[in-house]
Amino acid sequence: MKFRILFSEQMKGSENTIGHEGIVTENSGKAVTVSISATSACGGCSAKESCNMLGTEIKLIEVKGRYNLKTGDTVKVMMQESMGFAALFFGYILPFFVLLTSLIVTLSEGMSELKAGLISIAFLLLYYSCIYVFRKRINDKFIFTIKE
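Residues numbered from 1 in each chain as written. Predicted model: local features only at pLDDT ≥ 70, side-chain atom pairs only at ≥ 80, totals over all residues. Heavy atoms only, no water.

Asker: Mind showing me how you'd approach the confidence of the model for the chain here?
Answerer: Reading predicted coordinates in detail is not appropriate for stretches of low pLDDT. When pLDDT is averaged across the chain, the result is 79; 76% of the residues are at 70 or more. Across the chain, the secondary-structure element scoring lowest on mean pLDDT is strand S1 (residues 4-7), at 43, and the one scoring highest is helix H2 (residues 113-133), at 95. Between residues 1-14, whose pLDDT stays under 50, and residues either more than four places distant or in other chains, the model counts 50 contacts. (pLDDT = per-residue confidence, 0-100. Helix = DSSP H or I, 4+ residues; strand = E, 2+ residues; numbered from the N terminus. Contact = heavy atoms within 4.5 Å.)

Following this line, the structure appears as structure tokens:
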């Protein structure tokens, strides 16, 4: 599965950063596209050869800015640690609470479990639809840079 994410060139402040190594796949002059291999938690397991659970995703990160890099260069894509927590919050924690709250409210109103579950899923779909609609605005909040 491939993702294309747009990020700004500059990072603010001196907070801790999170970095992932990747390979430059394209340099257009205005932005650099880096391919990052995200391996699942079992990637380092000694039984991975005999297990079907192993999963690796290739993510394409597009970092805006001019960098003196060529295709094939190995770089480190950096992001502020606080941005990682924000992504975790909006991607997993908040939707969990939307689902849980809507389920508790609908069940307390005396609805059947089936109706309550379907309504909760509808709220979750609404939440992710809002995230999709505002994806460009949210994307502007996540700032990446490249460390050569």
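Read on, since the account is not over.
Asker: Would you mind showing me how to read the packing of helix H1 (residues 81-108) against H2 here?
Answerer: Packed helices, taken two at a time, are described by their axes: the angle between them and the distance between them. As a packed pair, H1 and H2 sit with axes 8 Å apart at the nearest point and diverge in direction by 150°. Considering how the two elements wind past one another, H1 and H2 form a crossing that is right-handed. Contacts from Phe-90, Gly-91, Leu-94, Pro-95, Val-98, Leu-99, Ser-102, Leu-103, Thr-106 and Leu-107 of H1 reach H2 at Glu-113, Ala-116, Gly-117, Ile-119, Ser-120, Ile-121, Phe-123, Leu-124, Tyr-127 and Tyr-128. Here the contact of H1 with H2 is composed, by residue class, of 14 nonpolar, 5 polar and 1 charged. (Axes fitted to C-alpha atoms, helices over the stretch in contact; angles between N-to-C directions. Left-handed = near helix turned anticlockwise from the far one by under 90°. Nonpolar A, V, L, I, M, F, W, Y, C, P; charged D, E, K, R; others polar.)

Asker: Looking at this structure, how should I read H2?
Answerer: Because each turn of an α-helix spans 3.6 residues, side chains separated by three or four positions in sequence point in the same direction. Here H2 contains 21 residues, and its C-alpha end-to-end distance of 30 Å stays within 8% of the 30 Å for a straight helix at 1.5 Å per residue. Contact partners of the buried residues in H2: H1. (Expected span 1.5 Å × (residues − 1).)

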